[in-house]
Amino acid sequence: MASITRHVKPAASQCIRPAVILAVLTALSVPLNMWIGRGLTLSTDELVWFMLSPDLDLSNSLHPYVGHLILTSKVLYKAIFETIGPEYWVIRLAACLVLVAVVWILYRLLSRYCGEWPALLIALVVLFFSGDPAHVFHGNGITVLGSVGCGLFALLMLSERRTARSVLACLALCLGVVTYSQALPFLVGAAVFLIASRRFRDLWVPAVPFFLYFIWWVWASSLPQSSEGSLEPWRIYMLPVWGFRATGAVLDNIFRLPDSLGGVQTALGLLLAAVLF
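Residues numbered from 1 in each chain as written. Predicted model: local features only at pLDDT ≥ 70, side-chain atom pairs only at ≥ 80, totals over all residues. Heavy atoms only, no water.

Within the chain one finds 14 helices and zero strands. Order of helices (α) and strands (β) in the chain, N terminus to C terminus: α-α-α-α-α-α-α-α-α-α-α-α-α-α. Classification of the 277 residues of the chain by burial places 37% in the buried group. Pairs at least 24 residues apart make up 70% of the contacts formed inside the chain by residues separated by at least 6 positions. Taken as a whole, the chain presents about 16,300 Å² of accessible surface, with 70% of it coming from carbon and sulfur. (Helix = DSSP H or I, 4+ residues; strand = E, 2+ residues; numbered from the N terminus. Buried < 20%, exposed > 50% of the residue type's maximum accessible area, 1.4 Å probe, protein only. Contact = heavy atoms within 4.5 Å. Areas by Shrake-Rupley, 256 points an atom, 1.4 Å probe, with all protein chains shown as cover.)

This is the structure in structure tokens:
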């Protein structure tokens, strides 16, 4: 008997992949971001960088700004001001693209551990429901988002046991720590991940950027203005509080809680942590 083959149409969930949805939404997010932030101009930080850019040299680039090492942002802003001029839409567009890159790196990283659909949901929260709109719609988001993106990229590279990827992870962490201090927690995260994975030989990956940052911190502490907004390592015990507060800020932004519930962000972060763990 002749066999009869049936052509079964694939389910909609199989046709529409999470990566396709994310690609469409990230493409739409760029013009949406530019439209929402229309009319914005240089922030206070960016005005300072604009005034400092004509005399910026290597030494001034390494000087701390409010206690932070922001070498990448100082050099990038100087390059933009000297080549294109203070065209703020260019800076804002660069910040939008950095946000898109962070979202995609986060999606790729989470897909390895919790699947594509949960990773998509979390990536969309970061893309559209940020708890820090000042660093999403202003150009200086390049600083904060860029350092976070470097840290996430390093963790993504470390998810595979390959020497080339370990080198890329180390370079990403080095770029992150010279961009902003938000990359420092990723040094701890990378070290914990490597120790938990019993990859002790790869501990040089977070060690190199740590020692580079430590050398800079010792040098910066000797500067006359080092006491103004300087980094205070002994406040590391506050990291869990800041983490809970940041998580609560995202939940607050999603559900639009009433203003009368002031100071509830830390409690929301603790509640979410209790539900997850």
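On to the packing of helix 10 (residues 163–177) against helix 12 (residues 204–221). The N-to-C vectors of helix 10 and helix 12 enclose an angle of 25°; their axes lie 8 Å apart at closest approach. The angle between helix 10 and helix 12 falls in the class roughly parallel. In the crossing of helix 10 with helix 12, the sense of the turn from one axis to the other is right-handed. Listed contacts from helix 12 to Ser166, Val167, Ala169, Cys170, Leu173, Cys174 and Val177 of helix 10 are Trp204, Val205, Pro206, Val208, Pro209, Leu212 and Tyr213. Grouping the constituent residues of the contact of helix 10 with helix 12 by class yields 13 nonpolar, one polar and no charged. (Axes fitted to C-alpha atoms, helices over the stretch in contact; angles between N-to-C directions. Parallel < 35°, antiparallel > 145°, perpendicular 65-115°, else oblique. Left-handed = near helix turned anticlockwise from the far one by under 90°. Nonpolar A, V, L, I, M, F, W, Y, C, P; charged D, E, K, R; others polar.)

A word on helix 11 (residues 184–196). Taking 1.5 Å of rise per residue, the 13 residues of helix 11 would be expected to cover 18 Å, and the 19 Å separating its terminal C-alpha atoms lies within 8% of that figure. All of the buried residues along helix 11 are Phe186, Leu187, Ala190, Ala191 and Leu194. Buried residues of helix 11 fall within an arc of 140° about the axis and therefore sit on the same side. Turned more than 90 degrees away from the buried face of helix 11 sit Val188, Val192 and Ala196, all of them exposed. Looking one or two residues beyond helix 11, the residue adopting positive phi is arginine 198, at roughly 55°. (Expected span 1.5 Å × (residues − 1). Arc of directions from axis to C-beta.)

Across the chain, the average pLDDT comes to 83, with 75% of residues at 70 or higher. Across the chain, the secondary-structure element scoring lowest on mean pLDDT is helix 14 (residues 265–276), at 54, and the one scoring highest is helix 10, at 97. (pLDDT = per-residue confidence, 0-100.)

With the rule as written, the count across this model stands at six salt bridges. Of the charged contacts, one joins glutamate 116 and arginine 17 as a salt bridge, the two residues approaching to 2.6 Å between their closest N and O atoms. Of the two residues, glutamate 116 sits in helix 7 (residues 116–128) while arginine 17 sits in the loop between helix 1 (12–15) and helix 2 (18–36), which places them 99 residues apart along the sequence. The shortest N-O distance in the salt bridge between arginine 199 and aspartate 202 comes to 3.2 Å. Taken individually, arginine 199 and aspartate 202 each receive the classification buried, so the pair is uniform in this respect. Each member of the salt-bridge network shares a partner with another, and the members are Arg112, Glu160, Arg162 and Arg165. (Salt bridge = Lys/Arg side-chain N within 4 Å of Asp/Glu carboxyl O.)

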